[in-house]
Amino acid sequence: LPNMGPDMYTCKKHAVVPPYSTVVSCCPPLPTRPIKDFKFEDQTLPMRVRRPAHKVDAAYIEKYNRAYRLMRALPQDDPRSFHQQSNIHCAYCGFGFKQLGINVTLEMHGTWLTFPFHRWYIYFHERILASLLNDSSFALPFWNWDSMMEPERPSQIPEYFYTMPALVDPLRNPRHRTPAVPDLSTDLTGRSPMDIKNATLEEVIESNNNLLYQTVVSGATLPSLFLGKPLRGGVEKTSLGASAFEVGPHGAIHGWVGDPAQPNGEDMVHLYSAARDPIFYAHHANCDRMWCDWKNLPGGKRTGFEDDPDWMESQLLFYDENADLIRVKIKDSLDIVKLRYTYEEVDNPWAHHDS
Ligand code: C2O
């Protein structure tokens, strides 16, 4: 069976939130109008081009900051507010919801829903930002954390995440401000074998490229090896179905950004708080881009689960820029051109890193 998505009316305020967490409720506001089925936008709209975060210019940075300032200024019970946008992650990814019509919880991570869920999530997030700016071409940047190439070192956290007020999150690991380079061997507790052995920058870069090569290229030749294992509708998530990319490099970024001095590595480490950091959306734009690039790599069967109706017909709910609640299906997320966004091309140094 396909996953029928969340039942908005069974949301538990404190799904799975850890001790010392600072959350009042993860639940979204209830819809005041009937749920609408997703329709593709006008296909003549301009493409929203997602550019690498290290390459954007001052005018873009100003706009990007303004978008989050406007989003943060919305009332907390507005589903488009930053507060509610970040709580989406808390509700969906902490067993906050029951699946529609049945007494079974819903969880996105470590399943074949992970990638499409995050795609839809930032898709609507981006549309809301664009509408707040009144600029339908506005696109999120992607944080190109997988590229360690000199001289730009795209993987470093761009300085404007520390200087532009609406893009700042005070709960980050203070040691990881530029010139630090993400260490993809980091785990969710912030522990890193490379750090422990005092690795040099060259060794960290080598280890990152190896990890990326293994988790995206050589070890990800089947859909389940990259996207995660099937979790059918009506089934409680119990076992681990995450791909090596999800627990590895993707998770490492969460572990590397969050503040180890906080009780749960807030914000980026824990599911309930991760999306309170604006960099979360730029991180997931990059994961989404890597999904696109993974599909185009040679060898293996690098597709989705297109022949499995349980995946294709699985449903999720998101509020759009008009505060309408929209019902989407995985199958409508697979062609990003139809979603009217695209990625500026960058070189993936790890893709030819056979070692
Ligand atoms: Cu929903 Cu990067 O996690």
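Bear in mind the structure is a predicted one, so any value in this text is a computation, not a measurement.

**Notes on the overall build of the protein chain**
Within the protein chain, the regular secondary structure consists of ten helices and seven strands. Here the protein chain has a C-alpha radius of gyration of 19 Å; the compact-globule value for 355 residues is 20 Å, and the two agree. Reported as C-alpha extents along the three principal axes, the dimensions of the protein chain are approximately 55 × 50 × 45 Å. Within the protein chain, the fraction of its 355 residues that count as buried is 45%. Long-range contacts, defined here as pairs at least 24 residues apart, represent 73% of the contacts in the protein chain between residues at least 6 apart.

**Digging into the nonpolar core**
Ranked by internal contacts, the top residues of the largest apolar core, which has 77 residues, are Y92, W120, V216, A282 and F318. Secondary-structure elements contributing two or more residues to this core are α1 (58-73), α2 (82-92), α3 (114-133), α6 (201-218), α7 (223-227), α8 (244-257), α9 (279-295) and β5 (315-319).

**Brief notes about the packing of α3 against α9**
It is at 10 Å that the axes of α3 and α9 come closest, and there the two elements cross at 125°. Classified by the angle between their axes, α3 and α9 sit oblique to one another. As for how α3 packs across α9, the hand of that crossing is left-handed. Contacts between α3 and α9 pair F115, H118, R119, I122 and H125 from the former with Y281, H284, A285, C287, D288 and W291 from the latter.

**Things to note about α3**
Spanning 20 residues, α3 covers 29 Å between terminal C-alpha atoms, matching the ideal 28 Å at 1.5 Å per step. N134 lies just past α3 and shows a positive phi near 60°.

**Some words on the sheet that holds strand β6 (residues 325-329)**
Strand order in this open sheet of three strands is β2-β6-β5, and the pairing throughout is mixed. Edge positions in the sheet fall to β2 (36-37) and β5, since each of these pairs with one other strand and no more. Across five bridges, β5 lies against β6 in antiparallel orientation. By the bridge assignment, L317 is partnered in β6 with R327. Sitting on the sheet, α3 is in contact with β5 and β6, with an inclination near 20° to β5.

**Remarks on the environment of P79**
Structurally, the position occupied by P79 is in the loop between α1 and α2. Between the alpha carbons of P79 and W145 there is a distance of 29 Å; along the sequence they are 66 residues apart. With near-sequence residues (within four places) excluded, P79 lies in contact with P28, P29, Q84, Y319 and A323.

**Section: the packing of α6 against α8**
The N-to-C vectors of α6 and α8 enclose an angle of 150°; their axes lie 9 Å apart at closest approach. Classified by the interaxial angle, the pair formed by α6 and α8 is roughly antiparallel. Note that α6 runs across α8; the crossing there is left-handed. Contact residues: L211, L212, Q214, T215 and V216 in α6; A244, F245, G248 and P249 in α8. Its residues assigned to classes, the contact of α6 with α8 shows six nonpolar, three polar and no charged.

**Some points on the UniProt feature "domain: Tyrosinase copper-binding" (unreviewed entry) in the protein chain**
Here, the residues flagged by UniProt with the feature "domain: Tyrosinase copper-binding" (unreviewed entry) are residues 277-288. Helix makes up 83% of residues 277-288 and strand 0%, whereas the separation of the span's terminal C-alpha atoms amounts to 18 Å.

Rules used in this analysis
Residues numbered from 1 in each chain as written. Predicted model: local features only at pLDDT ≥ 70, side-chain atom pairs only at ≥ 80, totals over all residues. Helix = DSSP H or I, 4+ residues; strand = E, 2+ residues; numbered from the N terminus. Rg over C-alpha atoms; globule rule 2.2 N^0.38 Å. Buried ≥ 20, exposed ≤ 12 C-beta atoms within 10 Å, placed from the backbone. Contact = placed C-beta atoms within 7 Å. Core = buried A, V, L, I, M, F, W, Y, C linked by C-beta atoms within 7 Å. Axes fitted to C-alpha atoms, helices over the stretch in contact; angles between N-to-C directions. Parallel < 35°, antiparallel > 145°, perpendicular 65-115°, else oblique. Left-handed = near helix turned anticlockwise from the far one by under 90°. Expected span 1.5 Å × (residues − 1). Pairing = 2+ DSSP bridges. Nonpolar A, V, L, I, M, F, W, Y, C, P; charged D, E, K, R; others polar. UniProt positions renumbered as here; feature names shortened; annotations may be inferred.

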